[in-house]
Amino acid sequence: MHAAVGDQLHIHSRSVGMVDQKGEIIEIRGTEGEPPYVVRFEDGHTGLIYPGPDCVVETRQAGH
């Protein structure tokens, strides 16, 4: 998995009734865009994330 600062990390819910989580990658701690990532989630909290198979990086669109 590779990402850049400003990309979105989408964590798909693994259980019925749970919602997906999305956040902006604000820092990359790995080398060459690899995890772990510091992510600011939509509710405002930040966390150090080691993405699993339920995660997808959504590339930042040019001009956004």
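The structure we're discussing is the one just above.
Read on for a plain summary of the structure. (Residues numbered from 1 in each chain as written. Predicted model: local features only at pLDDT ≥ 70, side-chain atom pairs only at ≥ 80, totals over all residues. Heavy atoms only, no water.)

A few words now on the nonpolar core. Residues Ala3, Leu9, Ile11, Ile25, Tyr37, Val39, Phe41, Ile49, Cys55 and Val57 constitute the largest nonpolar core, which totals ten residues. Of all elements in the fold, only β1 (8-11), β3 (37-41) and β5 (55-58) reach the threshold of two or more residues within this core. Ignoring any residue separated from it by four or fewer positions in sequence, one finds Ala3 in contact with Ile25, Ile28, Gly33, Tyr37 and Val57. (Core = buried A, V, L, I, M, F, W, Y, C linked by side-chain atoms within 4.5 Å. Buried < 20%, exposed > 50% of the residue type's maximum accessible area, 1.4 Å probe, protein only. Helix = DSSP H or I, 4+ residues; strand = E, 2+ residues; numbered from the N terminus. Contact = heavy atoms within 4.5 Å.)

Here we take up the sheet that holds strand β2 (residues 21-28). Two orientations exist for strands paired in a sheet by backbone hydrogen bonds: parallel and antiparallel. Spatial ordering of the open sheet is given by β4-β3-β2-β1-β5, a layout of five strands whose pairing is antiparallel. Each edge of the open sheet carries a strand with a single partner, namely β4 (46-49) and β5. Direction aside, the axes of adjacent strands within the sheet are offset by 35° on average. As paired strands, β1 and β2 are joined by four bridges and run antiparallel to one another. Bridging across to β2, Ile11 finds its partner in Gln21. (Pairing = 2+ DSSP bridges. Axes fitted to C-alpha atoms, helices over the stretch in contact; angles between N-to-C directions.)

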